[in-house]
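Survey of secondary and tertiary structure
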Amino acid sequence: MRTRKLADRLLFAYVWVIIAWLFLPIAVMIAFGFNDTQSKSNVSWQGFTLKWWGRLDEYPDLTDAVINSLQLAVLSVLITTVLGTMIGLALGRYRFKGQGPMNLVMFAAISSPELVMGAALLSLFVSTGVDMGFTTALIAHVLFSVSFVAITVRARVVGLDPSIEEAARDLGASSWTTFWRITFPMILPGVVAGALLAFALSIDDFVITQFTSGAMQTFPLWIWGATRIGVPPQVNILGTLIFAVGVVIAVVNSVTARRRV
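It should be emphasised that the depicted structure is a prediction, and the values quoted were computed from it without experimental measurement. (Residues numbered from 1 in each chain as written. Predicted model: local features only at pLDDT ≥ 70, side-chain atom pairs only at ≥ 80, totals over all residues. Heavy atoms only, no water.)

1. Notes on the nonpolar core
This is how the line gets drawn: By nonpolar core we mean a set of buried residues, namely Ala, Val, Leu, Ile, Met, Phe, Trp, Tyr and Cys, connected to one another through side-chain atoms within 4.5 Å. Exposure is judged per residue with a 1.4 Å probe applied to protein chains only, and the accessible area is read against the type maximum: over 50% gives exposed, under 20% gives buried, and values in between give partly exposed. Secondary structure follows DSSP: runs of H or I at least 4 residues long count as helices, runs of E at least 2 residues long count as strands, and numbering of each begins at the N terminus. Two residues qualify as a contact provided that any one of their heavy atoms is within 4.5 Å of a heavy atom in the partner residue.
By size, the foremost hydrophobic cluster in this structure holds eleven residues: Val 77, Leu 89, Val 149, Val 153, Val 157, Leu 160, Met 186, Ile 187, Val 191, Ala 195 and Ala 198. No other element matches helix 7 (residues 175-203), which puts five residues into this core. With residues near it in sequence (within four places) discarded, Val 77 still touches Ala 195, Ala 198 and Phe 199. In this structure, Leu 62, Val 66, Phe 219 and Trp 222 belong to the second largest nonpolar core, which totals eight residues.

This is the structure:
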């Protein structure tokens, strides 16, 4: 009994050490948003200040980069959620010709290195004479995100009880009504999870965006370019705000899911 309690305590301590290790970079990012640095380099603590929070617009190109990242993320989420949900429903509910190759393509898109996908998309756009910019970056974000949404929704669809939908049809509901009143509410947690995953993948993508965005700057690309001369505290503040929004969304989603149960 004592041995088991000791093992449980060690496991509990190990989990908290891992959590602390994962959140340490985030804590450092948040802290250095309040750093009273006197130089372009924001790497050593020089005192506490709130002045940077009132000077977020000091770098217009940084603001534009953040806006570009948010626009890319929102648009790609809207597109991939629709496409991924339909693909996930098809893969989880039906059996059809080409299902095996489609599964292979889905998992290949997830497992392939970003460098390979970025280079392949760059070759495609260059060979077809497409001018690279926001549109090509959006296409790239949709292509690497849709598989994650499809597989997440598919996992939810496979676990559904088909007798519930059959009961709705027996009671006179049409296929359209059955989908929106029965099927969609049941798969909604999977759809939301896939959409949040797609947003997270899009907002911080660097490699594929670097290959396909042309002269357009996103938040990660701007930070990469700024590292040569020094990253200003505004970057830490914007990162903190993005993290805070993500936490709020996660909490709201968790509370909503508990209320449904």
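Having put the structure on the table, let's press on.
2. Here's the deal with the side chain of His 141
Worth spelling out the cut-off: A 3.5 Å cut-off defines polar contacts: any pair of N or O atoms within that distance qualifies, except that in protein one atom must be a possible hydrogen donor and the other a possible acceptor, and neighbouring residues in sequence count only when both atoms are side-chain atoms.
In this structure, His 141 sits in helix 5 (residues 134-158). Within the structure, His 141 has its side chain in polar contact with the side chain of Ser 202 (distance 2.7 Å). Excluding residues that lie within four positions of it along the chain, His 141 makes contacts with Leu 72, Ser 76, Thr 80, Ser 202, Asp 205 and Thr 209.

3. Some thoughts on the packing of aromatic side chains
The criterion, for reference: Centres within 6.5 Å make a pair out of two Phe, Tyr or Trp rings, where for Trp the six-membered ring is used; the pair is then stacked when the planes are under 30 degrees apart, edge-to-face when over 60, and tilted otherwise.
Counting across every chain of the model gives ten aromatic pairs. Consider the rings of Tyr 59 and Trp 222, whose centres lie 6.1 Å apart with planes at 65°: the pair is edge-to-face. Of the two residues, Tyr 59 is situated in the loop between helix 1 (2-32) and helix 2 (60-93) and Trp 222 in helix 9 (residues 219-226); the sequence distance between them amounts to 163 residues. You can call Trp 222 buried: its relative accessible area is 11%. Here the aromatic cluster, defined as three or more aromatic residues joined through ring pairs, consists of Trp 176, Phe 179, Trp 180 and Phe 184.

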